[in-house]
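# Observations on chain architecture
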Amino acid sequence: MRLPLSIALLSAGFAGIGPLPVCAQVAATAPQATAASPDAIKQREQELETTRAQQKSAAEAQAKLQAETAAIGQDRSRLNQQLIDIAGRVRGVETRIGDAEARLSPLDTREQQIRSSLDSRRSEIVEVLAALQRAGRRTPPALLVRPEDALQSLRTAMLLGAVVPELRTRAEKLTGDLTELVTLRKTIATERDRLAADRDKLKEDQTRLAALVDERQRQQSAVEKDMETESARAIALSRQVDSLQGLIAKMEQDLKSAAKAAATASLQGAPATVDGKPNLGALKDPARLTPAIAFASARGLFAFPVNGVKIRDFGGSDGAGGVEKGISLATRPGAQVTTPCDGWVVYAGPFRSYGQLLILNAGGGYHVLIAGMERISVNIGQFVLTGEPVATMGSTSRIASILATNASQPVLYVEFRKDGTPIDPGPWWATNEGEKVRG
């Protein structure tokens, strides 16, 4: 009973890994010769109609999104909450995509290994299949025949009796490999379907997030009429300094919007606490205009600004004879960057080898520096909330190579400073998902 099963599995699996026969290939290409047939023209017309319908649907969805965004935009509180919620969803989908790709990699590798093994044993498979099929069809030796025929049948039967155990072992090994290959294919197909669904979801959320960010910045620009002039002046001032500390000082002294933000940060005082502990409930107020939690008391609560893997840590070698003053995170291309804390933007723009640089005044003499993004979506002087989207990564590293060990992928650099001196950000990062503060 086991041999027919082996034959079936081997035949099905072997057929799945080999090329199509010549006749099948000819049959597969035959329809191409009738590309100009009425059926083909009708099919193309249907495809064109489907494309037009999709375009119309996309345009209607965009118009609806714009209307919804404009309505939300009238309420700053709702707009902020929507931004934080969708940014959180985007980062969640980014995490699922990364996890799925990590699961797919070894599955793809194993599938390739099995396929290569089966390809290299093609002649063995043919031999085993042929022997098993002959064994399945062979009738018992005839009794009333010539002695020579009986002797030959007997010898064949004896030989087959000695060979069958070996054939069974080889067949079972091949069957096991083919069964694993079939299972792997099903698992990979399921993972790829999930991955495709997550990518579609990510695209939808990113589109909505972009619309909300544009609305937020439109409102900000309406409040600060001279926003473009301020941004240009900030970049001009940044060229006059050659250090981060000098840049912070220059911005908060010479630039009106940054100076106003710094003054507000120094005057607003430390947020209230509950029994000496940070009031995490204050983070639920999306309309706040000052930090909900004092930076100094938020140790162990911050989430990384981006989904990624830490490739350099504070105090480690910077590759140029010095030590790291912050941390470097390797990210996915186009990853969403959010704020780890509340704070005022005192600089947003390019700065020397740091690429696009964002500096937040978090109050209490603390500053957060984030560098390496492709595009920043907040303006100088703006107050941003914990978890709010502020930038996106590019497709390659945007910061100096000394800040990253792998410049072929996007890298985000994060640095904390207290009264102008870099400090170890380690104590501020949450140790697990449940401890991270969220807006």
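Data block above holds the structure.
Criteria and thresholds
- Residues numbered from 1 in each chain as written.
- Predicted model: local features only at pLDDT ≥ 70, side-chain atom pairs only at ≥ 80, totals over all residues.
- Heavy atoms only, no water.
- Helix = DSSP H or I, 4+ residues; strand = E, 2+ residues; numbered from the N terminus.
- Buried < 20%, exposed > 50% of the residue type's maximum accessible area, 1.4 Å probe, protein only.
- Areas by Shrake-Rupley, 256 points an atom, 1.4 Å probe, with all protein chains shown as cover.
- Expected span 1.5 Å × (residues − 1).
- Arc of directions from axis to C-beta.
- Salt bridge = Lys/Arg side-chain N within 4 Å of Asp/Glu carboxyl O.
- Pairing = 2+ DSSP bridges.
- Phe/Tyr/Trp six-rings, centres within 6.5 Å; stacked < 30°, edge-to-face > 60°.
- Lys NZ or Arg CZ within 6 Å of the ring centre and 35° of its normal.
- Contact = heavy atoms within 4.5 Å.
- Axes fitted to C-alpha atoms, helices over the stretch in contact; angles between N-to-C directions.

## Let's talk about the overall build of the protein chain
Across its full length, the protein chain holds nine helices and 13 strands. A total of 439 residues make up the protein chain; the buried ones form 40% of that total. Summed over all atoms, the accessible surface of the protein chain reaches about 23,500 Å², with 55% contributed by carbon and sulfur.

## Some words on helix 7 (residues 227–238)
Given a rise of 1.5 Å per residue, twelve residues ought to cover 16 Å, and the 16 Å separating the end C-alpha atoms of helix 7 matches this to within 8%. The set of residues buried in helix 7 consists of M227, E230, A234, L237 and S238. Buried positions in helix 7, seen along its axis, are confined to an arc of 100° and lie on one side of it. With respect to the buried face of helix 7, the exposed residues turned more than 90 degrees away are E228 and T229.

## Some thoughts on the pattern of salt bridges
By the definition in use, this model includes 16 salt bridges. Put simply, E180 and R110 hold a salt bridge, and the shortest N to O gap is 2.8 Å. Linking E180 in helix 6 (residues 147–223) with R110 in helix 4 (residues 76–120), this pair joins segments that are 70 residues apart in sequence. Among the residues examined, E180 registers a relative accessible area of 30% and is labelled partly exposed. What makes R110 partly exposed here is its relative accessible area of 32%. A salt bridge links D205 to K201; the shortest N-O distance between them is 3.7 Å.

## Notes on the pairing of strand 12 (residues 411–418)
Counting buried positions along strand 12 gives seven out of eight residues, so the element sits mostly inside the fold. Pairing of strand 4 (residues 327–331) with strand 12 involves four bridges; the strand directions are antiparallel. Across the sheet, residue I327 finds its bridge partner in strand 12, namely V414. Across six bridges, the pairing between strand 8 (residues 366–373) and strand 12 is antiparallel. Residue pairing for strand 12: H367 is matched across the bridge by R417. Looking at chain direction, strand 12 and strand 13 (residues 421–423) are connected through three bridges and run antiparallel. The residue of strand 13 that forms the bridge with R417 is P422. Hairpin remark: strand 12 followed by strand 13, antiparallel, with two residues in the connecting loop; positive phi at D419, about 55°.

## Quick word on the packing of aromatic side chains
Evaluated as defined, the whole model comprises twelve aromatic pairs. Against the face of W428 rests R299, its NZ or CZ located 4.2 Å from the ring centre. Taking NZ or CZ as reference, K418 lies 5.3 Å from the ring centre of Y366, over its face.

## Topic: the sheet that holds strand 9 (residues 375–376)
The three strands are arranged 5-11-9 in an open sheet whose pairing can be described as antiparallel. Two strands lie at the open edges of the sheet, namely strand 5 (336–338) and strand 9, each paired on one side alone. For strand 9 and strand 11 (residues 389–392), the ladder comprises two bridges, and the chain directions are antiparallel. Following the sheet pairing, I376 is matched in strand 11 by A391. The strands touched by helix 4 within the sheet are strand 5 and strand 11, with strand 5 carrying the most contacts at an inclination of about 130°.

## Section: the pairing of strand 7 (residues 356–363)
With seven of eight residues buried, strand 7 is to be regarded as a mostly interior element. Bridge count between strand 6 (residues 343–350) and strand 7: six bridges; the pairing is antiparallel. Bridging across to strand 7, W344 finds its partner in N361. Counting the residues in the hairpin turn of strand 6 and strand 7 gives five residues, including R352, whose phi is positive at 45°.

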